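Descriptive analysis of the structure
If you want the building blocks of each chain, they are given just below.
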Amino acid sequence: MSTPSTEHPAESLNWDDLRYALAIAEAGSLAGAARALGVQHTTVLRRLDALEQRLGARLFERHRQGYRPTEAGELMSAQARAMAPGVAELQRRILGRDTALQGQLRLSTAFVAMLYLLPGPLAAFARAHPGIAVEISESSALVDLSRRDADVALRMSAQVPEHLVGRRLGEMRMRIYAARGAADLPQAETPVPQLCQDYPWIGYERDRSSRFYDRWLRRHVADERIVMRADLMQSAAAMARTGLGLALLPTLAEAHEPELMPVSAVLPDMSIPVWLLTHPDLRDTARVRAFMRQLGGDLAERLADAP
């Protein structure tokens, strides 16, 4: 006959339990928690069910509008929120002592960089360092490297947080593009005021102003000239290939978009710095150092060679 366990349910809690509970509380749904944690929503549900069964307590009330913490859930979420910075700092400091060229490395980057800039350099790094598994997360927002949401971030921004370290790799430049051979669109370099006033455009989100290209379009192209809007540059490029209208795109796209041709010079007020960043606690980690050195060098060359 087995000996009954004397362990109290709360004594079996670990940081992952608290992390999952906090993600559900902050997102208010399993799907939102899954996105924040980078897992499937079924994984979140399974972990929550197991945790509640182990504790013998309901942590969340299930409503049609989402998941609402109970008193026990609020207590656990508050404790997790208080512990998170300390756990993240411990993880960073331990990882910062790692001297092996192996293990996981998480890269956060923008969608357009993954499409037009990163594939070749990432493939070269993977071949040179087969022991390092790079995981890529695409987002337009700068993730919190202090919380170890990522180990390295590649970002296009005029300003970056002062507490991060890294290097400026160069600039992403912009031009106006048209479908090659489109009868109703210009097929040679044309003055920018004429392009903005006389031709249809593929625009970006109407109410968005946080991105530098949204602000440029708002200043230069009237709403009535925009025949369709897209949320991402690759979507705008896809629509531009149909000949529906002009599109504002990075010059990096030229090598990948043979159906498009530039119809303006490089826009002088539209260059944006490109940064490769990490947290100070991670910069001496062997795999982060190797990644920053090799990828940074490759990307700097590509940016310098772009039109």
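Residues numbered from 1 in each chain as written. Predicted model: local features only at pLDDT ≥ 70, side-chain atom pairs only at ≥ 80, totals over all residues. Heavy atoms only, no water.

What follows covers the packing of aromatic side chains. Evaluated as defined, the whole model comprises five aromatic pairs. Taking 6.5 Å as the distance between ring centres and 55° as the angle between the ring planes, the aromatic pair formed by F60 and Y67 counts as tilted. Pair check on accessibility: F60 and Y67 agree, each one buried. Measuring from centroid to centroid gives 4.8 Å for Y204 and Y213, while their planes differ by 65°, and the two rings are edge-to-face. Assessed through its relative accessible area of 10%, Y213 is described here as buried. Linked through ring pairs, Y204, F212 and Y213 together constitute an aromatic cluster. (Phe/Tyr/Trp six-rings, centres within 6.5 Å; stacked < 30°, edge-to-face > 60°. Buried < 20%, exposed > 50% of the residue type's maximum accessible area, 1.4 Å probe, protein only.)

Overall, antiparallel pairing links the three strands, which are arranged β10-β7-β11 in an open sheet. Bordering the open sheet on either side are β10 (247-250) and β11 (260-262), each of which pairs with just one other strand. Taken pair by pair, the neighbouring strands of this sheet meet at an average axis angle of 50°, ignoring direction. Across three bridges, the pairing between strand β7 (residues 174-179) and β11 is antiparallel. When the sheet's bridge partners are listed, A179 is paired in β11 with L260. (Pairing = 2+ DSSP bridges. Helix = DSSP H or I, 4+ residues; strand = E, 2+ residues; numbered from the N terminus. Axes fitted to C-alpha atoms, helices over the stretch in contact; angles between N-to-C directions.)

As a further point, take the confidence of the model for the protein chain. For the protein chain, the average pLDDT comes to 85, and 87% of its residues sit at 70 or higher. Scored below 50 in pLDDT, residues 1-10 shows four contacts in the model against residues more than four places distant or in partner chains. (pLDDT = per-residue confidence, 0-100. Contact = heavy atoms within 4.5 Å.)

Once that is clear, we can look at the side chain of R211. Along the chain, R211 turns up in the loop between β8 (201-203) and α8 (212-220). Among the polar contacts listed, one links the side chain of R211 to the backbone oxygen of D231, at a separation of 2.9 Å. (Polar contact = N/O pair within 3.5 Å; in protein donor to acceptor, adjacent residues only side chain to side chain.)

Since there are 3.6 residues in each turn of an α-helix, residues three or four apart along the chain are aligned in direction. Among the residues of helix α6 (residues 119-128), those classed as buried are P121, L122 and F125. Buried residues of α6, seen end-on, are gathered within an arc of 100° and therefore sit on one face of the element. Buried residues in α6 make contact with β3 (103-109), α5 (111-116), β4 (132-138) and α10 (286-305). (Arc of directions from axis to C-beta.)

Next up on the list: the sheet that holds β4. Spatial strand order, β4-β3-β5-β12-β6: five strands in an open sheet with mixed pairing. Of all strands in the sheet, those bounded by a partner on one side alone are β4 and β6 (165-172). Going from strand to strand, the sheet's axes swing by 20° on average, the running direction of each strand aside. Alignment of β6 against strand β12 (residues 272-278), held across seven bridges, turns out to be antiparallel. By the bridge assignment, G166 is partnered in β12 with L277.

Moving on to the pattern of salt bridges. Opposite charge on two side chains allows them to pair when their charged atoms are near. Enumeration according to the criterion identifies eleven salt bridges in this entry. Notably, a salt bridge pairs R211 with D214, separated by 2.5 Å at the nearest N-O pair. Here R211 falls in the buried class, since its relative accessible area comes to 9%. By relative accessible area, which is 4% here, D214 ends up buried. The closest approach of N and O atoms between R241 and E257, which form a salt bridge, is 2.7 Å. Remark: E257 occurs in the loop between β10 and β11 and R241 occurs in the loop between α9 (233-240) and β10; sequence separation between them is 16 residues. (Salt bridge = Lys/Arg side-chain N within 4 Å of Asp/Glu carboxyl O.)

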